[in-house]
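# A look at the structure
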Amino acid sequence: MAFANRIRSSLPLLSKILKSDSISAANASAAPRALLCPTFSDSEFSRSFSTAPGKKDVKVKVPLALFGGSGNYASALYIAAVKTNSLDKVESEILDFVGAMTKSPMFSQFTKDLSVPADTRKKAIEDISAQAKFSEITKNFLIVLAENGRLRNIDTIAKRFVELTMAHKGVVKVIVTSVIPLPAEEEKELKETLQDLIGKGKTVKLEQKIDTSIMGGLVVEFQQKVFDMSIKTRARQFERYLRDPIHWDNL
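The structure contained in this document is the topic of the report that follows. (Residues numbered from 1 in each chain as written. Predicted model: local features only at pLDDT ≥ 70, side-chain atom pairs only at ≥ 80, totals over all residues. Heavy atoms only, no water.)

### Let's talk about the packing of aromatic side chains
- Across all of its chains, the model carries three aromatic pairs by this definition.
- Judged by centre distance (6.4 Å) and plane angle (70°), the ring pair of Y73 and F141 falls under edge-to-face. With Y73 in helix α4 (residues 68–83) and F141 in helix α8 (residues 136–147), this residue pair connects regions lying 68 residues apart in the sequence. As far as burial versus exposure is concerned, Y73 and F141 are alike and both buried. (Phe/Tyr/Trp six-rings, centres within 6.5 Å; stacked < 30°, edge-to-face > 60°. Helix = DSSP H or I, 4+ residues; strand = E, 2+ residues; numbered from the N terminus. Buried < 20%, exposed > 50% of the residue type's maximum accessible area, 1.4 Å probe, protein only.)

Next up, the structure:
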């Protein structure tokens, strides 16, 4: 009961933080928003996966801003798949490929071994794609990864790609970390708060994680944002204040 009360006390704070963040985002200028969710057109990176040259290039807006190498590859694959109306098929094929790696340690090791010549990696991907009857988009994408020595990152790239497909479908994945599973009432309240903030037309998909190291409270992650209201983080912040007298006036 005491833990449930602590969780319940965190929900108003989370709601306040999320609403404040939502207002800040709404007041942001169009230019920063364009940087966060750029519109890709004439992208050689994504066009290299396509097999229909000569068609008028279609502008595709990425639903989420993903950063880093894996994010760039996932975004490029998303653009190519949307342009060819094959998003679901490509997603399924990429996940099948990752699943095959998980089931076969030897295959997994092959994808991560940079000592294997690029031509050998490319030939292996062509053979695998033919046997699995992968689409041209998926096959060409995997070949690009093989040639660039990026097959070792396919697991991370696939996860980022799924983030994009979920956003495309209006599904927002929210990861909530606590020391024990959320009571049903608190889970429902949190989900309703997030649903109100995210708005109509989108669906919140709540995923709970258990991590006793946070000592209590909640850590909420969604859309590349982290709201840390854990006791562990609060204790560290208070410790920093105690060690640094300059902060005493702010208490």
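### Quick notes on helix α5 (residues 87–103)
- Over its 17 residues, α5 runs 24 Å from end to end, which matches the ideal 24 Å to within 8%, given 1.5 Å per residue.
- Inspection of α5 places L87, V90, E91, E93, I94, F97, V98 and M101 among the buried residues, and these make up the whole buried set. Seen from one end, α5 has its buried residues packed into an arc of 170°, which puts them on one side. For α5, the exposed residues set more than 90 degrees away from the buried face come down to D88, T102 and K103.
- As for α5, its buried residues are in contact with α4, α6 (105–112), α7 (118–132), α8 and α9 (154–168). (Expected span 1.5 Å × (residues − 1). Arc of directions from axis to C-beta. Contact = heavy atoms within 4.5 Å.)

### Some words on the pairing of strand β3 (residues 171–178)
- Most of β3 sits inside the fold, with six of its eight residues counted as buried.
- Bridge count for β3 against strand β4 (residues 203–210) is eight bridges, and the pairing is parallel. Bridge pairing in β4 links T177 to K209.
- Across three bridges, the pairing between β3 and strand β5 (residues 217–222) is antiparallel. From the neighbouring strand, T177 faces β5, where its bridge partner is V219. (Pairing = 2+ DSSP bridges.)

### Focus on the pattern of salt bridges
- Enumeration according to the criterion identifies nine salt bridges in this entry.
- In this structure, K89 engages E93 in a salt bridge whose closest nitrogen and oxygen atoms are separated by 3.0 Å. Here K89 pairs with E93, and both are found in helix α5, just four residues apart, close to one helical turn.
- On the basis of relative accessibility, which here comes to 43%, the residue K89 falls in the partly exposed class.
- Owing to a relative accessible area of 5%, E93 belongs among the buried residues under this scheme. (Salt bridge = Lys/Arg side-chain N within 4 Å of Asp/Glu carboxyl O.)

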